[in-house]
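Listed below are the residues making up each chain.
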Amino acid sequence: MRAGGTERRDRVNDLRAIIAEQRRTIRRLEAALKKQPGEPVPARCARCGCEKLYKNGMTSIHLKRILNIDRNGFEYRIPVQKFVCVNCGAGAHLKGPPALYHWIVRIAGERK
Ligand SMILES: [Zn+2]
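Quantities reported herein were computed from a predicted structural model and do not represent experimental measurements.

Description of the overall build of the chain
- In terms of helices and strands, the chain carries three helices and three strands.
- In the chain, the order of α-helices and β-strands from amino to carboxyl end is α-β-α-β-β-α.
- In terms of overall dimensions, the chain is more spread out than a globule: its C-alpha atoms have a radius of gyration of 22 Å, far above the 13 Å expected for 112 residues.
- The dimensions of the chain, computed from C-alpha atoms along their principal axes, are 80 × 40 × 20 Å.
- Here the chain holds 112 residues, and 8% of them are scored as buried.
- Residue pairs in contact within the chain that sit at least 24 positions apart in sequence constitute 53% of those at least 6 positions apart.

As structure tokens, then:
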């Protein structure tokens, strides 16, 4: 009976360790979802109007298209943050100069 009690205690300790690890993962993922101060986010979903959008990976878009200019030297693609609507799941990204934000932040990070 005594051995059984020790095994159960070990199992409980193992499960507590697993839960603690999962809590750390949740905190890390929540921090990643949370927008940074000053970080631009689309005001609302174009499909349903919901104002809650989460970051959802990166895409790349031609700089010419983002800035709506037709000039030489703007033919390359830059990384642009993608967002997803919490309500309807539609994808979104920033338009115009705010779409440059994540590219600039990335460049600034690489130069540190
Ligand atoms: Zn939506």
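Observations concerning the domain arrangement of the chain
- Taken domain by domain, the chain holds domain 1 (1–34) and domain 2 (36–112).
- Just the C-alpha atoms count here: the centres of domain 1 and domain 2 sit 38 Å apart.

A few points about the environment of Arg47
- Residue position: Arg47 is located in the loop between helix H1 (2–33) and strand E1 (53–62).
- In this structure Arg47 comes out as partly exposed when scored by C-beta crowding, with 13 C-beta atoms within 10 Å.
- For the pair Arg47 and Gly89, spaced 42 residues apart in sequence, the C-alpha separation works out to 9.4 Å.
- In this view, Arg47 contacts Cys85, Cys88 and Ala90; residues no more than four positions away in its chain are not counted.

Thresholds, definitions, all that
- Residues numbered from 1 in each chain as written.
- Predicted model: local features only at pLDDT ≥ 70, side-chain atom pairs only at ≥ 80, totals over all residues.
- Helix = DSSP H or I, 4+ residues; strand = E, 2+ residues; numbered from the N terminus.
- Rg over C-alpha atoms; globule rule 2.2 N^0.38 Å.
- Buried ≥ 20, exposed ≤ 12 C-beta atoms within 10 Å, placed from the backbone.
- Contact = placed C-beta atoms within 7 Å.
- Domains from an automatic or database assignment.

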